[in-house]
Amino acid sequence: MEPIAIQKDDQIIDLQTAQAKNIDIESAKKIYPENTPEALEVIRHSTAHLMAQAIKELYPDAKFFVGPVVDEGFYYDFRVGEKIGEEDLKKIEKKMAEIAKRKLPIERYEISKAEAIEKFKDDDLKQEVLKSIPSDTVSIYKQGDFEDLCRGPHVPNTKYLKNFKLTRVAGAYLGGDETREMLTRIYGVAFADKQALKEYLTMLEEAKKRDHRKLGNELELFMFSEEVGAGLPIWLPKGARLRSKLEQLLFAAHRKRGYEPVRGPEILKSELWKKSGHYQNYKENMYFTEICDDESRKESCVEYGIKPMNCVGHIMIYKSKKRSYRELPLKLFEYGVVHRHEKSGVLHGLFRVREFTQDDAHIFCKPDQIKDIVIEVLGFVDEIMRSFDFSYEMEISTKPDKAIGSDEIWEIATNALKEALDENGHKYGIDEGGGAFYGPKIDIKITDAIGRKWQCGTIQVDFNLPERFELEFTDSDNEAKRPVMIHRAILGSFERFIGILTEHYAGEFPFFIAPTQVIFVPIGQDHVAYTKELAGKLTEMGVDSEIYDSKDSLNKRIRNAEKQKVPMVAIIGDKEVEARSLAIRDRREKIQYNLNEEEFFTKIKEKLSEVRF
RNA sequence: GCCAACGUAGCUCAGCCGGCUAGAGCACCUGAUUCGUAAUCAGGAGGUCACGGGUUCGAGUCCCGUCGUUGGCUCCA
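Scope of this entry: the structure provided in the associated data block. (Residues numbered from 1 in each chain as written. Chains lettered and ligands numbered in written order. Predicted model: local features only at pLDDT ≥ 70, side-chain atom pairs only at ≥ 80, totals over all residues. Heavy atoms only, no water.)

1. Describing the overall build of chain A
Then, in step 1: Summing up its helical and strand segments, chain A has 19 helices and 31 strands in all.
Then, in step 2: With the C-alpha coordinates of chain A rotated into their principal frame, the extents come out at 80 × 75 × 60 Å.
Then, in step 3: Here chain A holds 613 residues, and the buried ones make up 51% of them.
Then, in step 4: The contacts of chain A with a sequence gap of at least 6 include a subset with a gap of at least 24, amounting to 69%.
Then, in step 5: Accessible surface for chain A amounts to roughly 29900 Å². Of this, 48% is attributable to carbon and sulfur atoms. (Helix = DSSP H or I, 4+ residues; strand = E, 2+ residues; numbered from the N terminus. Buried < 20%, exposed > 50% of the residue type's maximum accessible area, 1.4 Å probe, protein only. Contact = heavy atoms within 4.5 Å. Areas by Shrake-Rupley, 256 points an atom, 1.4 Å probe, with all protein chains shown as cover.)

2. Examining helix α2 (residues 37-58)
One turn of the α-helix equals 3.6 residues, which is why residues spaced by three or four share an orientation.
Then, in step 1: Between its first and last C-alpha, α2 extends 31 Å over 22 residues, near the 32 Å set by a 1.5 Å rise per residue.
Then, in step 2: Most of α2 sits out of view: 16 of its 22 residues are buried. (Expected span 1.5 Å × (residues − 1).)

3. Thoughts on the sheet that holds strand β28 (residues 545-547)
Hydrogen bonding along the main chain pairs the strands of a sheet, whether they run parallel or antiparallel.
Then, in step 1: With mixed pairing, five strands are arranged side by side in an open sheet as β28-β27-β29-β30-β31. Edge positions in the sheet fall to β28 and β31 (591-596), since each has one partner strand and no second. Taking each pair of neighbouring strands and ignoring which way they run, the sheet shows an average axis angle of 25°.
Then, in step 2: Summarising the sheet, strand β27 (residues 518-522) and strand β29 (residues 568-572) pair through five bridges and their orientation is parallel. The residue of β29 that forms the bridge with F520 is A570.
Then, in step 3: Relative to the sheet, helix α16 (residues 528-540) contacts β27, β28, β29 and β30 (581-586), its axis offset from that of β27 by approximately 165°. (Pairing = 2+ DSSP bridges. Axes fitted to C-alpha atoms, helices over the stretch in contact; angles between N-to-C directions.)

4. Considering the packing of α16 against helix α19 (residues 597-608)
Then, in step 1: α19 packs onto α16 with a crossing angle of 35° between their chain directions and a minimal axis gap of 12 Å. In the packing of α16 onto α19, the handedness of the crossing is right-handed. Residues Y530, L534, K537 and L538 of α16 touch α19, and the partners they reach there are E597, F600, F601 and I604.
Then, in step 2: Class assignment of the residues belonging to the contact of α16 with α19 gives a composition of six nonpolar, no polar and two charged. (Left-handed = near helix turned anticlockwise from the far one by under 90°. Nonpolar A, V, L, I, M, F, W, Y, C, P; charged D, E, K, R; others polar.)

5. Thoughts on a positive patch on the surface
Then, in step 1: A cluster of basic side chains, namely K103, K159, K162 and K194, defines a positive patch on the protein surface.
Then, in step 2: You can see K194 is positioned in helix α6 (residues 194-209).
Then, in step 3: The exposure class assigned to K194 is exposed, which follows from its relative accessible area of 66%. (Patch = residues over 30% accessible without salt bridge, like charges linked within 9 Å, V, L, I, M, F, W, Y side chains within 5 Å. Salt bridge = Lys/Arg side-chain N within 4 Å of Asp/Glu carboxyl O. Lys, Arg positive; Asp, Glu negative; His and termini not counted. Charge placed at Lys NZ, Arg CZ, Asp CG, Glu CD.)

6. Examining the pattern of salt bridges
Then, in step 1: Summed over all chains, the structure comprises 57 salt bridges.
Then, in step 2: A salt bridge links E266 to R263; the shortest N-O distance between them is 3.4 Å.
Then, in step 3: Classification of E266 as partly exposed rests on a relative accessible area of 25%.
Then, in step 4: Of the charged contacts in the structure, one is a salt bridge between E508 and R587, with a shortest N-O distance of 2.8 Å. Pair noted here: E508 is in the loop between α15 (494-504) and β27 and R587 is in the loop between β30 and β31, with a separation of 79 residues, a long-range link.
Then, in step 5: Shared partners join several salt bridges into a network, and the residues in it are E508, E562, R585, R587 and R588.

So, to be careful, I would describe these as geometric facts and stop short of saying anything about function.
Structure representation (structure tokens):
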């Protein structure tokens with residue numbers, strides 16, 4: 001096998017560059033066309049160029065912007081006169097395969113930036129790319145009569161580019177800037193061999209099967225309605241059962257940790273949103289309504305904002321009486337229903353909606369308590385994530401452009417978060433400028449079944465709102481002092497979290513939250529009475545069960561029960577009624593066994609106690 | 001919001017290049033069957049083809065607008 005590139009000091013250098021710069025290939029670490037991260041980077045980058053070449057041959061007027069490698073594949077942004085749809089991908093793929101077969105050598109040469117500006121003077125997109133390059137010389141890669149401005153690295157010949165697939169067409173703003181023109185973007189994947197490509201495509205198919213929108217429909221968990229409006233989920237009985245179990249477990253977990261349940265109103269006067277800063281900073285995402293005492297008098301009208309966050313209500317609760325340092329930290333929590341006017345294009349099943357319920361809490365504390373509180377919350381998060389077998393990572397977000405509060409205040413808050421993470425030995429990333437407008441935050445990102453990352457939990461330090469609302473407590477020295485506020489959510493929202501849970505478990509929820517935990521299938525009518533007796537006992541234990549006693553055949557009913565992906569199906573016939581026992585099909589353990597009544601209820605209790613947050 | 005695609009029965013989907021009364025499977029209803037571990041048989045009912053407008057002798061099919069959905073971009077729990 002011939003190498004396609006070499007690696008030196010963690011840098012991938014292609015053979016063309018190595019030759020030009022007289023780097024000794026023999027003594028270097030070689031990269032072969034295999035499915036290693038380094039080789040895939042080279043292959044994918046070159047496949048992006050191959051795609052650009054194919055597009056250029058099919059659409060001669062096409063102009064190209066950038067074509068980088070991303071997770072799993074690559075994309076290229078370009079502009080053409082005509083519309084490109086999914087249909088056209090096949091055509092482009094075919095052309096790519098044809099070009100690859102020409103076995104074109106991929107050559108590299110360097111020119112000065114000034115020469116490049118002259119060379120591409122008729123190409124405004126290339127000028128755009130050149131603007132962002134700081135160095136004086138640029139490299140050009142050439143294959144056949146196609147050439148492109150590129151840093152590399154690339155494979156030496158198009159013959160290495162055989163195992164690719166174009167996956168989707170999309171629009172993308174030039175440079176990611178919403179105010180600029182929208183280019184066409186085509187995404188593709190590429191691998192070193194056929195097998196890896198096939199495995200990847202199979203994985204995508206598998207992922208589709210566990211899509212929470214599909215499963216939500218099949219398992220009757222939730223629905224959306226065009227008549228109701230986009231992004232407004234409707235919870236069906238089974239989804240509501242699941243959600244309610246989650247709510248109850250989490251409620252107890254909060255009480256155990258000293259949180260006080262509270263409840264704020266859904267709409268608050270706009271004046272208050274002006275005081276909090278939401279009116280100035282978050283208005284485009286808020287819904288408003290006007291309430292008039294007397295329709296004929298405009299001055300009797302008051303504008304109200306539907307809450308997009310719960311903090312203001314909790315602040316009012318804090319302010320309801322004079323607070324002592326002895327009360328701090330004061331932890332208020334609420335399953336807060338919030339409304340946010342998200343742009344129509346971003347809505348996505350339960351993952352992104354316009355009305356959702358946060359497991360929200362605000363902790364009012366003294367500045368010197370921040371670190372301990374954050375450490376405690378991190379522990380809470382970890383227990384919940386482990387209960388659901390989730391992996392997650394954390395990221396600190398710092399001051400954004402649009403923010404209230406001084407740099408100094410931001411620095412104090414940001415450092416407190418970092419210290420808490422450091423002290424607990426947590427690894428974390430940093431998202432510069434990614435904070436909320438009122439303070440820095442730690443985001444907890446769950447990795448879902450398909451490897452996508454979702455922001456769920458969040459811990460945000462806030463020095464600003466206490467300032468704006470003039471919050472105080474009387475300290476031990478009898479001085480009035482300002483508390484710090486910590487916003488935090490662990491699931492983030494029930495909607496998103498349940499969407500992620502559904503995909504994570506592919507609809508096979510663990511017993512303690514499954515919408516239906518047991519389905520009874522009586523073989524004949526004579527066995528129904530006994531199943532009703534058992535189901536009644538389960539209801540008393542807080543366990544949801546259903547009895548499949550329709551006129552359908554036994555096989556049909558067992559099939560339907562299994563399709564519901566419930567943890568346990570219990571078949572009841574003459575033998576079971578007589579012995580007061582159950583024949584269990586355990587979907588989670590994938591076995592069948594018989595239990596007597598006592599053993600059954602013991603098993604149920606065991607399964608229920610598998611989780612405690 | 002922007003780019004692209006899509007919207008036919010409760011669900012999954014056929015319906016050609018515009019041409020007779022818009023089809024299937026599942027689900028639902030009725031009848032027969034009463035069954036030991038993943039689909040019993042027969043019959044029936046269900047659609048203003050998302051909504052509104054236009055082109056045409058004629059529109060599910062072509063065009064425009066609106067709503068919604070999907071994949072991205074920007075944004076975000």
